[in-house]
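Chain by chain, the residues:
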Amino acid sequence: MLYQLNHLQKTYGNRTVLDIPFLTIGSGKIYALQGPNGAGKSTLLHILAFLQRPSSGAIQYNNRPVPAAEAQLNRLRRQVVLVDQNPIMFSTTVYKNVEFGLKIRAVPRQQRRARIEQALALVGMEQFATASAFKLSGGETQRVALARALVLDPKVLLCDEPTASIDTENQTAVIEILRRINAENNISIVFTTHDRRQTDVLAHQTLSLNQGRLTGNTNENVFLARIETTGETVSRCILADRISLSLPTALIAAQVGSRIQVHLDPCAILIAARTAGFTANNTFDGRITRISAENGRVRLQVAAAVDICVRLSMSEYRRQKLMVGEEVRLHVGEDAVTVV
Ligand code: ADP
């Protein structure tokens, strides 16, 4: 697990601007963080970048508690880079802007050139190396800001509204860059957006924030659940009185017999034909009752003990060749579950 947040809160004065009982963010994926202005998106991004500290609660990064000491935090900050919505460029060339972070990290001059050229090529800005960074358009500035982040070889890229203030052509380019660096360089990405279409085309998983709290994205896959047992690490709840789901006790944080609302992210549920199905925990059998295309993804309605919706990328759908009427097995991993 890349990040795990437990009982995380951020308060300013007496105002709680983030309140997240439990959240996991998986490695190697693209997450969209959506929500209205003031929902807490930037605050969460800064906390994930280790640039702000939560007021209470705990964060794990790569399955280890995030250290409190600045020196150790700096080691983590080298792996996680945040690109601001309105990146500030230095009044010099594009090349020197991209070089800056490498100098700070004392990368030898001989190695710098190749890395800078590679980063600029990755964002399609190699011909701008000698241009003045101050004269770039909004879209070009965003691409150079991405190169400035990528040259540092991050494991995680956090982008605050990467396409909010740029033209359509550059929006498409930036989306393509993010998709490629995730697929080819295995960089985990969390980006904030207002634009629902971007979450659909780019994100593997969408997190919705409202007034500092995670909310179910839609009413889809939101279930009332009853806590059946609570153990030290694993607890069990019954969804809609029909399906038994084992979850980390930290996620549930409620007493036996109490009721919670659980959201299953349709993009994070795994599906396979019954014959090729999983044998892991939290698997459910069902039958596909409906298949429809939505915004470049495929939505499958599955009648299991309850109706569950699953969304697949077009390529995954084609690979699996699933059909209406087919017997399937679903697997709900803990990163698919949010307690609303
Ligand atoms: P978003 O990115 O979703 O627009 P933010 O994370 O920027 O939301 O802000 C969430 C809330 O926290 C807002 O109400 C904002 O006013 C408040 N906030 C953010 N930073 C500070 C700060 N430094 N001091 C006080 N309040 C803040």
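These numbers come from a predicted model, not from an experiment.

(A) Structural view of the environment of Ala-304. On the secondary structure map, Ala-304 appears in the loop between β17 (297–303) and β18 (307–313). Judged by its relative accessible area of 18%, Ala-304 falls in the buried class. When neighbours within four sequence positions are excluded, Ala-304 is seen to be in contact with Asp-285 and Gly-286.

(B) Local environment of the nonpolar core. Ranked by internal contacts, the top residues of the largest apolar core, which has 39 residues, are Leu-146, Leu-157 and Leu-178. When residues of this core are traced back to their parent elements, those giving at least two are β3 (30–34), β6 (80–83), α3 (94–104), α4 (109–122), α5 (138–150), β7 (156–159), α6 (168–185) and β8 (188–193). A total of 6 residues in this core trace back to one element, the largest contributor, which is α5. Other than its neighbours up to four places away in sequence, Leu-178 contacts Ile-30, Leu-146, Leu-157, Cys-159, Pro-162, Ile-189 and Leu-202.

(C) Structural context of the packing of α3 against α5. Relative orientation of the contacting elements α3 and α5 amounts to 35°, with a least axis distance of 8 Å. Judged by the sense of rotation from one axis to the other, the crossing of α3 with α5 is right-handed. Seen from α3, the contacting residues are Val-94, Asn-97 and Val-98; seen from α5, they are Val-144, Ala-147 and Arg-148. In terms of residue class, the contact of α3 with α5 is made up of 4 nonpolar, 1 polar and 1 charged.

(D) Region of the structure containing helix α1 (residues 41–48). For α1, the buried fraction is high: 7 of the 8 residues fall into the buried class. Residues of α1 that are buried: Lys-41, Thr-43, Leu-44, Leu-45, His-46, Ile-47 and Leu-48. At the exit of α1 stands Phe-50, carrying a positive phi of roughly 65°.

(E) Quick look at the packing of aromatic side chains. By the definition in use, this model includes 4 aromatic pairs. Arranged with centres 4.8 Å apart and planes meeting at 55°, the rings of Phe-90 and Phe-100 form a pair that is tilted. Pair noted here: Phe-90 is in the loop between β6 and α3 and Phe-100 is in helix α3, with a separation of 10 residues, a long-range link. Residue class for Phe-90 comes out partly exposed when judged on its relative accessible area of 38%.

Rules used throughout
- Residues numbered from 1 in each chain as written.
- Predicted model: local features only at pLDDT ≥ 70, side-chain atom pairs only at ≥ 80, totals over all residues.
- Heavy atoms only, no water.
- Helix = DSSP H or I, 4+ residues; strand = E, 2+ residues; numbered from the N terminus.
- Buried < 20%, exposed > 50% of the residue type's maximum accessible area, 1.4 Å probe, protein only.
- Contact = heavy atoms within 4.5 Å.
- Core = buried A, V, L, I, M, F, W, Y, C linked by side-chain atoms within 4.5 Å.
- Axes fitted to C-alpha atoms, helices over the stretch in contact; angles between N-to-C directions.
- Left-handed = near helix turned anticlockwise from the far one by under 90°.
- Nonpolar A, V, L, I, M, F, W, Y, C, P; charged D, E, K, R; others polar.
- Phe/Tyr/Trp six-rings, centres within 6.5 Å; stacked < 30°, edge-to-face > 60°.

Scope: geometric values only; no functional claims are made or implied.
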